[in-house]
Amino acid sequence: MATKRTPAEVLAYAKESGAEILDLRFADLPGLWQHVSYPIAMLEEDSFEDGFGFDGSSIRGWQAISESDMLIMPDPNTAFMDPFTEVPTLCIISNIVDPITKQHYERDPRWIAQKAEQYLQYTGVGDTAYFGAEAEFFLFDNVSYDSSYNFGFYKIDSEEGRWNSGRPDNNLGYRPRYKEGYFPVPPTDHLQDLRTEMTQVMERCGIEIECHHHEVATGGQCEIDQRFDTLVLSSDNMMLYKYVVRNVAYRNGKSATFMPKPLWNDNGSGMHTHQSIWKDGEPTFAGNGYAGLSETALHYIGGLLKHSPALAAIVAPTTNSYKRLVPGFEAPVSLAYSRRNRSAACRIPMYSPSPKSKRVELRYPDPACNPYLAFSACLMAGLDGVQNKIDPGEALDKDIYDLTPEELAGVPSLPHDLAGSLDALERDHDFLTQNDVFTEELLSSYIEYKRAAEVDEVRQRPHPYEFSLYYDI
């Protein structure tokens, strides 16, 4: 998405595009885009050095109110025209800095990603980390939910839902069979035109798209694959990707969600994350080892697997994530690596023999994560493996779900819930704090926020299914 532009070129682009509003965007700690808008006349060349003041105390996981003044610093390389606003609006992704010290704000997720890229160069392992994430999502026709002291419910409706097969009205019968949503043509695939519209909007915004298709689950599960890019730019693109998906769905009368497991007993939405390191224009992951990998790549996998319990708290960061990470729904829970085998946490794609295609695919992340934090944490775990020559062990090319209990006992697995992952992150995070890429203060705040705002809030509430189990006990 990023295009090299000077501040003067951004002003010229705004004028050529007829922009009347400036919209500055940044990510909060959980990973939602936040924004503030100004008349376009407020944007001057000096704005890229002086920034725009705002109150950071109301942003989730950010400053205390006693030190809430902050600056938004627009990045001129990220400017694009918003495809959805009625009034022509210039959007610029921004960094956050302290107004007094002018130092980057350590809880700004985009700054963490920038520091991760700098750390890669500092190690000498490589100079560029490429990330390509495949984010899945659901498109629903109606969603209602609420929770209070004496009730809690959700209800989802989708024209593709297998639960609608007996609906008497407006029922034309075409819908994916259970676990057969991958790849039927229309009219079984109801969402072809909608995904194409999303793809075209993304391309106009500067995201390079490789393909789109229906996914395995019923009820409107989709995937649009964007081309890989450097760590920060891939993170920027993922934020824009989500924005486009939600808004195209909304203007077509549908609701998009990146919630990992909105439907019980069907496949959840993952975000398989492809990653590789390059140095001096050459891939460092290609070699003569297992699956055509180099020693660097195998040690990178060793780092990912060793730190996976802690890493999961950042890349599978919701209580709902662990309802997806269960056996039987193509979501890996066993910490192993393999070529082609999609039941392994780390997969080495074998589509091409080209050294440039050699990469590692981490399969347990999901699209509810903050991409800036998730990609940075993956890189830091992998680099720890390279620097400490962590052996990933033997590859596991069997279907993990078909292993005997004795065989499975020797394969470590992810924690069963977010609480377990947060505990693991609390114990194992030195790999993240190298060169202060993630600060101790940031990680403590993240763990505290997740426990208080999510784990405890879900743990303390009666679950609707508990009434089916226990009301008459």
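Up top is the structure these notes are about.
As the structure is a computational prediction, the values presented were derived from the model and not from experiment. Every chain is numbered independently, its residues counted from 1 as its sequence is written. Residue-level local features of this predicted model are given only where pLDDT is at least 70; pairs of side-chain atoms are given and counted only at 80 or more, and the full residue set underlies all totals for whole chains, interfaces and linings. Note: side-chain values were computed over all heavy atoms of the structure, leaving out hydrogens and water.

(A) Local environment of the overall build of the protein chain. Helix and strand definitions follow DSSP, with helices as H or I runs of at least four residues and strands as E runs of at least two, each counted in order from the N terminus. The helix and strand tally for the protein chain stands at 13 helices and 18 strands. The quantity called the radius of gyration is restricted to C-alpha atoms. Its globule counterpart is 2.2 Å times the number of residues to the power 0.38. Its C-alpha atoms give the protein chain a radius of gyration of 23 Å, near enough to 23 Å, the size a compact globule of 473 residues would have. By principal-axis analysis of the C-alpha atoms, the protein chain measures approximately 65 × 60 × 45 Å. The cut-offs for exposure are 20% and 50% of the maximum accessible area for each residue type, with area from a 1.4 Å probe on protein chains only; residues under the lower value are buried, those over the upper are exposed, and the others partly exposed. Relative to its 473 residues, the protein chain shows a buried fraction of 55%. Note on definitions: a residue-residue contact is assigned when non-hydrogen atoms from the two residues lie within 4.5 Å. The long-range share in the protein chain, meaning contacts at least 24 apart out of those at least 6 apart in sequence, stands at 69%. Summing over all exposed atoms, the protein chain offers an accessible surface of approximately 21,800 Å²; the carbon and sulfur share of this is 50%. All accessibility values rest on the Shrake-Rupley procedure with a 1.4 Å probe; residue burial counts only the protein chains present in the view.

(B) Examining the pairing of strand E9 (residues 152–157) more closely. We treat two strands as partners when DSSP finds at least two bridges between them. Summarising the sheet, strand E8 (residues 142–147) and E9 pair through 6 bridges and their orientation is antiparallel. Within E9, the position partnered with asparagine 142 by the bridge is aspartate 157.

(C) Representation of the packing of aromatic side chains in the model. Any Phe, Tyr or Trp ring, taking Trp's six-membered ring, that has another such ring centre within 6.5 Å forms a pair; planes under 30 degrees apart are called stacked, those over 60 apart edge-to-face, and the others tilted. Tallying each qualifying case throughout the model produces 16 aromatic pairs. The interplanar angle of 90° and the centroid separation of 5.8 Å between the aromatic rings of tyrosine 130 and tryptophan 278 together place this pair among those described as edge-to-face. Of this pair, tyrosine 130 sits in strand E7 (residues 128–140) while tryptophan 278 sits in strand E14 (residues 271–279), and the two are 148 residues apart along the sequence. Judged by relative accessible area, which is 14%, tryptophan 278 ranks as buried. The interplanar angle of 35° and the centroid separation of 6.5 Å between the aromatic rings of phenylalanine 151 and phenylalanine 153 together place this pair among those described as tilted. According to the relative accessible area criterion, phenylalanine 151 is partly exposed, its value standing at 38%. On the basis of relative accessible area, phenylalanine 153 is assigned to the partly exposed category, the value being 41%. Members of the aromatic cluster, each reached through a chain of ring pairs, are Trp33, Phe84 and Tyr243. In this analysis the charged atom, NZ for Lys or CZ for Arg, is taken to sit over a ring once it is within 6 Å of the ring centre and within 35 degrees of the ring normal. Here the guanidinium or amino end of arginine 5 rests over the ring plane of tyrosine 13, the centre of that ring lying 4.1 Å away.

(D) Spotlight on the pairing of strand E2 (residues 33–39). Pairing analysis gives 7 bridges linking strand E1 (residues 21–27) to E2, with the strands arranged antiparallel. The residue of E2 that forms the bridge with alanine 27 is tryptophan 33. Hairpin connection from E1 to E2: 5 residues lie between these consecutive antiparallel strands, with glycine 31 at a positive phi of about 115°.

(E) Spatial organisation of unusual backbone geometry. Here asparagine 265, not a glycine, exhibits a phi torsion of approximately 60°, which is positive. Within the element layout of this structure, asparagine 265 appears in the loop between strand E13 (255–257) and E14. Since its relative accessible area comes to 28%, asparagine 265 is described here as partly exposed. Unusually for a residue other than glycine, aspartate 436 sits at a positive phi of about 55°. As for its placement among the helices and strands, aspartate 436 is situated in the loop between helix H11 (418–427) and helix H12 (440–459).

(F) How the structure looks around the nonpolar core. Throughout, nonpolar core names a set of buried Ala, Val, Leu, Ile, Met, Phe, Trp, Tyr and Cys residues whose side chains join them through atoms within 4.5 Å. Membership of the largest hydrophobic core comes to 99 residues, with the highest contact counts inside it found for Met198, Tyr241, Tyr364, Leu379 and Phe438. In this structure phenylalanine 438 touches Ile112, Ile314, Leu373, Ser376, Ala377, Leu432, Thr433 and Leu443, once residues within four positions along its chain are discounted.

(G) Local environment of the environment of glycine 61. Within the secondary structure, glycine 61 is located in the loop between strand E3 (52–55) and strand E4 (69–74). C-alpha of glycine 61 to C-alpha of glutamate 159: the two residues are 98 residues apart in sequence and 38 Å apart in space. What glycine 61 contacts, discounting residues up to four positions off in sequence, is Leu29 and Arg107.

(H) Layout of the pattern of salt bridges. Counted as salt bridges are all cases of a side-chain nitrogen of Lys or Arg within 4 Å of a carboxyl oxygen of Asp or Glu. With the rule as written, the count across this model stands at 19 salt bridges. The closest approach of N and O atoms between glutamate 210 and arginine 227, which form a salt bridge, is 3.6 Å. Taken together, the residues span a long stretch of sequence, with glutamate 210 in strand E10 (residues 209–214) and arginine 227 in the loop between strand E11 (221–226) and strand E12 (229–230) at a distance of 17 residues. Linked by salt bridges that have partners in common, Asp23, Arg25 and Asp82 make up one network.

(I) Local environment of the environment of proline 309. Within the fold, proline 309 resides in helix H7 (residues 308–315). For proline 309, a relative accessible area of 23% gives the class partly exposed. Dropping the residues within four chain positions of it, proline 309 is found in contact with Leu335, Pro415, Ser421 and Ala424.

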